[in-house]
Amino acid sequence: MRPPTTSGSADPIGVPGPVSTMRVRSASAPAPGRPVNEDLVFRIGPLVGVLDGATVPEGFDTGCVHGPEWYVRHLAARIAVAEAVRPAARLTSNLAAAILAVRADHGEQCDLDHPGTPSSTVCLLRDCGDQVDYLVLCDSPLVLDCGGQVSVVTDNRLDAAMAELRETVAVLPGGAADPVTRFRHAVSVQRERMNRTHGYWVAAADPDAAFHAVTGTLPRHGPTALRRAALLSDGASSAVEQFGLTDWPGLLDLLSTDGPGGLIDRVRAAERDHSDRLRRHKATDDASVVFCEFEPTV
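Small disclaimer: the values here were computed from a predicted structure and weren't measured.

1. Looking at the side chain of T62
Looking at the secondary structure, you find T62 in the loop between β4 (47-53) and α1 (68-85). What makes T62 buried here is its relative accessible area of 10%.

2. Regarding the nonpolar core
In this structure, L75, L95 and V122 are the most contacted members of the largest nonpolar core, which totals 27 residues. With 7 residues, the top contributor of residues to this core is α1. When residues no more than four places from it in sequence are discounted, the contact partners of V122 are V50, L51, L75, L95, L135, V136, L137 and A203.

3. Here we look at the environment of G33
Note that G33 resides in the loop between β2 (22-29) and β3 (39-44). Given the relative accessible area of 76%, G33 is considered exposed. Separated by 251 residues in the primary sequence, G33 and T284 have C-alpha atoms spaced 9.6 Å apart.

4. A word on α1
Taking 1.5 Å per residue, 18 residues should reach 26 Å; α1 reaches 26 Å between its end C-alpha atoms and fits that length. Listing the buried residues of α1 in full gives P68, W70, Y71, V72, L75, A76, I79, A80, A82 and E83. Tucked inside the fold, the buried residues of α1 contact β3, β4, α2 (91-105) and β5 (120-127).

5. Some points on the sheet that holds strand β6 (residues 131-137)
Ordered by their spatial adjacency, 5 strands build an open sheet running β3-β4-β5-β6-β9, and the pairing between neighbours is antiparallel. A strand with exactly one partner marks an edge of an open sheet, and here the two such strands are β3 and β9 (214-219). Going across the sheet, the axis of each strand differs from the next one's by a mean of 10°, ignoring polarity. Where β4 lies against β5, 7 bridges are found, and the strand directions are antiparallel. Counted as the bridge partner of G53 is S120 from β5. Of the strands in this sheet, β3, β4 and β5 are in contact with α1, which crosses β3 at around 15°. Packed on one face of the sheet, α2 meets β4, β5, β6 and β9 and runs near 45° to β6.

What counts, and where the lines are drawn
Residues numbered from 1 in each chain as written. Predicted model: local features only at pLDDT ≥ 70, side-chain atom pairs only at ≥ 80, totals over all residues. Heavy atoms only, no water. Helix = DSSP H or I, 4+ residues; strand = E, 2+ residues; numbered from the N terminus. Buried < 20%, exposed > 50% of the residue type's maximum accessible area, 1.4 Å probe, protein only. Core = buried A, V, L, I, M, F, W, Y, C linked by side-chain atoms within 4.5 Å. Contact = heavy atoms within 4.5 Å. Expected span 1.5 Å × (residues − 1). Pairing = 2+ DSSP bridges. Axes fitted to C-alpha atoms, helices over the stretch in contact; angles between N-to-C directions.

Structure follows, in structure tokens:
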């Protein structure tokens, strides 16, 4: 298994911006046995992010010559450009600009209206000096410690869509009861609900999706100042949501002591030892964490 990649200041791209007062550690690892990681962690000056590309089930077309790994790398690069050009713009605006730019990166050989076009969740956190901005799109949660109170920012629309989907599949005619047929039907229905008002939103080919993200601003000063934050792909948040290894405050404490790589190690052990608790159609998943600690301010 390829070990998690870790960094004391999460890496690939740097651009000018305000001096950040956050310490950043990150880790990202592909699912065991898979050579490709469809997650991506990054830092762009005062902005950190986690992207989780949607895996394409075997046998499904996407209308595109590119895959999820290509998409998340191009999206991160385009977010970097948007932040460099407009560092004070809203995160939604810069994400929309990035999605639009990646649409152009595809070239003319891809059908970007195809329901299976490559897509990714987005979780962003930006240190603006006196405040911190965040953005969550789809199921990559953000865990926050503000003044000792831990909360979680989530976008539950995919979960809601999947719950409705399971009800739809459950009433398929008896002749369509085999698991393969049900799974293929479920994927087709899920694709139809992507980036729709009564479905769920994710970064793909439509820049309007950015404006449906969950966003907010947190203080950097005072008794409710942000102290710690964890950006997670669902492969890492499964430590709490699927396996119950700890609760959200415990997850932040674990990251403080063992770091992101330590959390991913525990998830891998749980995937091996408690496969009965898995809710995904796959036994293991890419896992990514960005952990931020903020210096106390007066």
